[in-house]
Amino acid sequence: MNKVLYENDFIELTRNENTISMRTKKSGFPIKSFDKITQKLPRLKITSFPELRRALSIEGNEGEIASYAPVIEIIVSSDKMKAEAEIYLTADEIEEKRNELPSLVAEALKSKGIQLGQYNVNWNEVKARQTIVVAEGKSPVKGDDARITYIEVPERRPVIRADGSADYYEMNFVTPIKKGDWLGEKTPAQEGTAGMDVFGNEMVSKKGLDNKLYYDRKSVEEVDENGKKVLRAIHGGVLQFENGVVGIGQQLVIDGDVGPETGSITFDGTVVISGTVLAGYSVNATGDISIGAKEGVTNAKEVRSEQADVYIKGGVFGGGTTLIEAKGSIFIKHANECSLFANTVHVGLYLLGSEVIADYVYVDRHKGKIIGGAIEGKYRIECATAGNRHERSTVLHAKGIDKEVLQIEIQRMAQSIKDMQKQIVKLESHIEPLEKVVSTLVGPQREAYDKIQDTLTTSREEIFVLDQAIQSNLQIMKSAIPPQIEITHEANPGVCIHIGSKTSIIESPTKGVFELIDGVLNI
């Protein structure tokens, strides 16, 4: 049965069940005026505004233009994780039915098959023509990723005293490991927690991501303990971390001095010497070298670490002959008339008449002295005092990176690679016809074939080496920092400050950070 819902001079709206029809008595009713009608009739939902506009312009037109919405309409999101209620009541009707709203919404949710109950709604705040969230699903929770923990590696640096100076007497230079010691572990990835959409359907969770333990399989084993993968030392030695891989290095312990009783030492691993290295004797190792004598080293021939660091608890009296060299860092109390070559050199008290070549040279900035000798730091040299009051010649050279020279070298190597690649292509064209009959080649023909193969192998190896060198130089150019020399207390007359291509001799006591500013040395 049709029921008239609204009527004016232009239109008549009638309801039949869930549809609303409109009869146009007279054309010209503005479509914008429908806002006022929908405020009075919030359950009126226009199905097509273009169709409504057309109907309003044709006098005598009659047809369906809207649906008659329920008091509460539930709208579910596309992912089925949220349900919203649209309440089609006027403001007066809401006030009248406010106490009924929870049960009306609950009934509407039930009719939709929504299982998770009502969302926490403040019904006293609900207003007309408002869309409110009335139910939410529970999202699945991804499981925790596998957790990796390794043994802590003590940082190799001097202990800083209360006055800020560095103590080179005591350092945790070598971390000894016993057979069976814990070196790391992995807590496995965990299963996640399943979720549920608003209809009660389970949503599968994802397991956490796995992670990998990195260890040297020759010295470390992986065992199952209490649901974890645990790393333990297969044998005793010294802790090593190389490129993120934990391992146990071989260790040679000299309980005393390196001298007549031991001879010079050459060892593939770490060498720990409780005493000193006597005059004329050498220690060469692939790993770390630690020399523990408080009196240091006097007139030893050589202490060299091919791949790691050197720590000398005392100082070095070199007599102009001792060489200390490390691939990584040198930690030393003092150096007197010796040569130090490393990536980084750390000195506690002084450098006296010594030659040093490194990327970084740090002589204690609170009281460390550089007197005499030639010190070259590619990027930085720092100390408290340089030279002395007798104006002893002391050369400090922060060399820096000549990017132009590096670029020329890179271009030269790149051209060499191109030339060798052309040669490889040419040789391969010569050798290709012989590949099918190589087993039948004898005498000079076989010798020629083998010679070409040797040349190809050598050329490919050279290309690989050149390419690695190019990549290394490009990285140096990218990460290079401007060279600096910092003297915190006093640079005495006679000290030569050499930065890049610029040189200046100190003529009166000064201090500060010396560098190139717009190509000019700031002295």
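Keep in mind that what you see is a predicted model, and the values were worked out from it rather than measured. (Residues numbered from 1 in each chain as written. Predicted model: local features only at pLDDT ≥ 70, side-chain atom pairs only at ≥ 80, totals over all residues. Heavy atoms only, no water.)

(A) Layout of the overall build of the protein chain. The secondary structure content of the protein chain amounts to six helices and 42 strands. Taken along the three principal axes of its C-alpha coordinates, the protein chain extends 120 × 80 × 60 Å. Looking at the 523 residues of the protein chain, the share that counts as buried comes to 40%. Residue pairs at least 24 apart in sequence account for 41% of intrachain contacts in the protein chain once pairs closer than 6 positions are excluded. Surface accessibility of the protein chain: about 29000 Å² in total, with carbon and sulfur atoms responsible for 48%. Across the protein chain, 63 positive and 75 negative side-chain charges occur, with their mean positions spaced 4 Å apart. (Helix = DSSP H or I, 4+ residues; strand = E, 2+ residues; numbered from the N terminus. Buried < 20%, exposed > 50% of the residue type's maximum accessible area, 1.4 Å probe, protein only. Contact = heavy atoms within 4.5 Å. Areas by Shrake-Rupley, 256 points an atom, 1.4 Å probe, with all protein chains shown as cover. Lys, Arg positive; Asp, Glu negative; His and termini not counted. Charge placed at Lys NZ, Arg CZ, Asp CG, Glu CD.)

(B) Highlighting the sheet that holds strand β12 (residues 176-177). Here we have three strands laid out as an open sheet, ordered β12-β18-β19, and antiparallel in their pairing. Because the sheet does not close on itself, it has two edges, and the strands there are β12 and β19 (245-249). Bridge count for β12 against strand β18 (residues 237-242) is two bridges, and the pairing is antiparallel. Bridging from a neighbouring strand, proline 176 pairs with valine 238 of β18. (Pairing = 2+ DSSP bridges.)

(C) How the structure looks around the sheet that holds strand β13 (residues 182-187). Strand order in the open sheet made by the four strands is β9-β13-β17-β16, with antiparallel pairing throughout. Because the sheet does not close on itself, it has two edges, and the strands there are β9 (147-150) and β16 (220-225). Neighbour to neighbour, the strand axes of the sheet diverge by 20° on average, direction disregarded. Bridge count between β16 and strand β17 (residues 228-233): six bridges; the pairing is antiparallel. Across the sheet, residue glutamate 222 finds its bridge partner in β17, namely leucine 231. (Axes fitted to C-alpha atoms, helices over the stretch in contact; angles between N-to-C directions.)

(D) Spotlight on the side chain of glutamate 185. You can see glutamate 185 is positioned in strand β13. Within the structure, glutamate 185 has its side chain in polar contact with the side chain of tryptophan 182 (distance 3.1 Å). Reaching out from glutamate 185, the side chain makes a polar contact with the side chain of lysine 228 at a distance of 3.1 Å. (Polar contact = N/O pair within 3.5 Å; in protein donor to acceptor, adjacent residues only side chain to side chain.)

(E) Molecular detail of the pattern of salt bridges. This structure, assessed with the given rule, holds 23 salt bridges. Three or more residues joined by partner-sharing salt bridges are found here, namely Arg365, Arg380, Glu382 and Glu486. (Salt bridge = Lys/Arg side-chain N within 4 Å of Asp/Glu carboxyl O.)

(F) Just the nonpolar core, in detail. The biggest cluster of nonpolar side chains holds 47 residues, and the ones touching the most others in it are Ile330, Leu340, Leu351, Leu396, Ile485, Ile487 and Ile497. Setting aside residues no more than four positions away along its own chain, leucine 351 makes contact with Ala335, Leu340, Val356, Val361, Val363, Lys369, Ile370, Ile371 and Ile375. One finds Ala83, Ala85, Ile114 and Val134 within the second-largest nonpolar core, a separate group that totals 19 residues. (Core = buried A, V, L, I, M, F, W, Y, C linked by side-chain atoms within 4.5 Å.)

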